[in-house]
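# Results of the structural survey
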Amino acid sequence: MSGLAPLSKTCSDSVMDVQRPANWPYPARCHYGHEWAPGRVSVGWMTCSDCEAARANDNGHRWVSCRNKGCLSIWYDPPYTGPTPQLRQV
Ligand SMILES: [Zn+2]
Ligand SMILES: [Zn+2]
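Keep in mind that what you see is a predicted model, and the values were worked out from it rather than measured. (Residues numbered from 1 in each chain as written. Chains lettered and ligands numbered in written order. Predicted model: local features only at pLDDT ≥ 70, side-chain atom pairs only at ≥ 80, totals over all residues.)

## Here's the deal with the overall build of the protein
Per the secondary structure count, the protein includes one helix and three strands. From first element to last, N terminus to C terminus, the protein shows the α and β order β-α-β-β. Expressed as a percentage of its 90 residues, the buried residues of the protein come to 9%. Counted over contacts in the protein with a minimum sequence separation of 6, partners at least 24 positions apart contribute 40%. (Helix = DSSP H or I, 4+ residues; strand = E, 2+ residues; numbered from the N terminus. Buried ≥ 20, exposed ≤ 12 C-beta atoms within 10 Å, placed from the backbone. Contact = placed C-beta atoms within 7 Å.)

## Re the sheet that holds strand β2 (residues 60–66)
Sheet architecture is open: three strands sit in the order β1-β2-β3, paired in antiparallel fashion. The sheet is open, and its two borders are formed by β1 (41–47) and β3 (74–77), each paired with just one other strand. With direction set aside, neighbouring strand axes in the sheet form an average angle of 25°. For β2 and β3, the ladder comprises four bridges, and the chain directions are antiparallel. Its bridge partner lying in β3, S65 is registered against I74. (Pairing = 2+ DSSP bridges. Axes fitted to C-alpha atoms, helices over the stretch in contact; angles between N-to-C directions.)

## Side note on the environment of D17
Within the element layout of this structure, D17 appears in the segment before β1. For the pair formed by D17 and E35, sequence separation is 18 residues and the distance between their alpha carbons is 9.5 Å.

## A few points about the environment of L72
With respect to the helices and strands, the residue L72 is situated in the loop between β2 and β3. Judged by local crowding, L72 falls into the exposed class, with 12 C-beta atoms found within 10 Å. Between the C-alpha atom of L72 and that of H31, which follows or precedes it by 41 residues, the distance is 9.3 Å.

Structure representation (C-alpha cells):
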C-alpha cells in the first residue's frame, strides 16, 4: 500500500444520481470519492480483538468495502485502531 491517492479533481457537472436512504449508516463515499449507496458496497464482519473499540463491539468490526471496479477502499465500524495486520511471509 502506498497510501491513498489524492482526489485529482472534483467535477460538479458529473454528479451521479445516487439514491441513498436517509438512514444510510455508512459514509457517503469511499476514500477515493466513489459514491456509496445500497448495491455499491459490500458489507461484512471482521473478528478483531486488537482494538479496544472492537472488544466493546462483540469483538469485531463491521466492514464496508467499495464495489467500484479496482477500488480497494474499506471502512471499519468502529474504526480500526489496532496494529497494522502483518502480511504472512511465504
Ligand atoms: Zn471506491
Ligand atoms: Zn480491531
